[in-house]
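# Commentary on secondary and tertiary structure
Listed here are the chains, written in short residue letters.
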Amino acid sequence: MSASGGTKAIVAALGANLAIAAAKFVAFAFSGSSSMLAEGVHSIADSGNQGLLLLGGKKAKRAATAEHPFGYGRERYIYGFLVSIVLFTIGGVFALYEGYEKIHDPHELDNWYWPVGVLIFAIIAEGFSFRTAIKESNELRGKQTWAQFVRRAKAPELPVVLLEDFGALVGLVLALGGVGLTLATGDGIWDGIGTMCIGALLVLIALVLAAETKSLLLGEAAGPEQVAQIRAAVVDGTVVTRVIHMRTLHLGPDELLVAAKIAVQHDDTATEIADAINAAEARIREAVPIARVIYLEPDIYHEATAAAGADPSKTPGGE
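Note that this is a predicted model, so its numbers are computed, not measured.

### A closer look at the sheet that holds strand E2 (residues 255-264)
- Strand order across the open sheet formed by three strands is E1-E2-E3, with mixed pairing between neighbours. Each having just a single partner strand, strand E1 (240-252) and strand E3 (291-299) make up the two edges of the open sheet. Along the sheet, successive strands turn relative to each other by an average axial angle of 15°, direction set aside.
- Where helix H9 (residues 270-287) meets the sheet, its contacts fall on E1, E2 and E3, and the angle it forms with E3 comes to roughly 150°.

This is the structure we're talking about:
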């Protein structure tokens, strides 16, 4: 997995979640808190999710084959989508069910210091994991807001870890609130309400992740800045005079396909056109290194023909 895949953030989150899950189940065993049980299952689900992300990164490195000539880069998108399903079913739905059961059959907590101590420990551990994810994301985020980064990132791992860690921290606060209100009022219904809130939060995060990874699976184009760089690199002003239309597609987070019809002079020789295309491909790869698969088709551009046909300016990637 490339550095942009956020391997360090994934490993940090995996280590934190395994330790936290064990502590939460111990606290549940001693206290009977449904919030602790839901949080324990949440941490197990998160650990499985990080395992899926690491597996997807490994599978994406496989070399292209005759059956898959563009490689396996999209494996990372597939496993990112699986993460959203796991988070929804195992984490969110289970927490909603457990909270519902606790509200209908509330009981006081035993050994309250176990869940409180574990929750404080978990907040510290998750905070460390979240800090690591933020640090790695800032190296790629640039001037984007956090919402823009999650929506536009082509590598799914960092947005997944960011949202998981954020959800985990908020969930821990909700669990602590549920346990605290149960202790203060002596009514176990608050523990169930806290558990229901955790479930709703996890379902919401899972839906956001599913929407974003679905978009990546369908195939997203390069960002506006990269498209502008590619356009500028194609035209040399001598043989290649303009881009008639262009399409880009992410074959994976670190691999971009570029297909464009370019305008050349009517009296250029085949050798001149071939040399110009080779030079244009070299300029594109220098400007946007992840543009690894490039197809350039030469054509003669006619203003009258363009005006009579479909308007390129209204076509995605058109000029």
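### Looking at the pairing of E2
- E2 sits mainly inside the fold: nine of its ten residues count as buried.
- By the bridge criterion, ten bridges tie E1 to E2 in an arrangement that is antiparallel. Residue pairing across strands places Leu249 opposite Leu257, the latter belonging to E2.
- Linking two consecutive strands that pair antiparallel, namely E1 and E2, is a turn of two residues.
- Across eight bridges, E2 lies against E3 in parallel orientation. Residue Ala259 lies in a different strand from E3, and its bridge partner there is Tyr295.
- Taken together, E2, H9 and E3 form a β-α-β motif whose crossover is right-handed.

### Some thoughts on the confidence of the model for the protein
- Summary statistics for the protein give a mean pLDDT of 84 and a share of 92% for residues scoring 70 or more.
- Within the protein, H9 carries the highest mean pLDDT (94), whereas helix H10 (residues 303-308) carries the lowest (53).

### Focus on the packing of aromatic side chains
- Tallying each qualifying case throughout the model produces three aromatic pairs.
- Aromatic side chains Phe130 and Phe166 sit 6.4 Å apart centroid to centroid with 45° between the ring planes, which places their arrangement in the tilted category. Of this pair, Phe130 sits in helix H4 (residues 113-141) while Phe166 sits in helix H6 (residues 157-185), and the two are 36 residues apart along the sequence.
- A relative accessible area of 44% places Phe166 in the partly exposed class.
- For the pair Trp146 and Phe149, a centre-to-centre distance of 6.2 Å together with 90° between the ring planes defines the contact as edge-to-face. Of the two residues, Trp146 and Phe149 are both situated in helix H5 (residues 146-152); the distance of three residues between them amounts to about one turn of the helix.
- Over the ring of Trp146 we find Arg141, and its NZ or CZ is 4.0 Å from the ring centre.

### Observations concerning the pattern of salt bridges
- Taken as a whole, this structure holds eight salt bridges when the rule is applied.
- A salt bridge links Arg76 to Glu157; the nearest nitrogen and oxygen atoms lie 2.8 Å apart. Pair noted here: Arg76 is in helix H3 (residues 75-104) and Glu157 is in helix H6, with a separation of 81 residues, a long-range link. Glu157 shares its class with Arg76; the two are buried.
- Between Lys261 and Asp299 there is a salt bridge; the shortest N-O distance is 3.5 Å. Of this pair, Lys261 sits in strand E2 while Asp299 sits in strand E3, placing them 38 residues apart in sequence.
- Overall, Lys261 belongs to the buried group, its relative accessible area being 19%.

### Some thoughts on the packing of helix H8 (residues 224-234) against H9
- At their nearest, the axes of H8 and H9 sit 8 Å apart, and the two run at 150° to each other. Classified by the angle between their axes, H8 and H9 sit roughly antiparallel to one another. Considering the relative orientation of H8 and H9, their crossing is right-handed. Here Gln229, Ile230, Ala233 and Val234 of H8 lie close against H9, whose contacting residues are Ala280, Arg283, Ile284 and Ala287.
- Classifying every residue of the contact of H8 with H9 gives six nonpolar, one polar and one charged.

Conventions used here
Residues numbered from 1 in each chain as written. Predicted model: local features only at pLDDT ≥ 70, side-chain atom pairs only at ≥ 80, totals over all residues. Heavy atoms only, no water. Pairing = 2+ DSSP bridges. Helix = DSSP H or I, 4+ residues; strand = E, 2+ residues; numbered from the N terminus. Axes fitted to C-alpha atoms, helices over the stretch in contact; angles between N-to-C directions. Contact = heavy atoms within 4.5 Å. Buried < 20%, exposed > 50% of the residue type's maximum accessible area, 1.4 Å probe, protein only. Right-handed = clockwise from strand over helix to strand, strands pointing away. pLDDT = per-residue confidence, 0-100. Phe/Tyr/Trp six-rings, centres within 6.5 Å; stacked < 30°, edge-to-face > 60°. Lys NZ or Arg CZ within 6 Å of the ring centre and 35° of its normal. Salt bridge = Lys/Arg side-chain N within 4 Å of Asp/Glu carboxyl O. Parallel < 35°, antiparallel > 145°, perpendicular 65-115°, else oblique. Left-handed = near helix turned anticlockwise from the far one by under 90°. Nonpolar A, V, L, I, M, F, W, Y, C, P; charged D, E, K, R; others polar.

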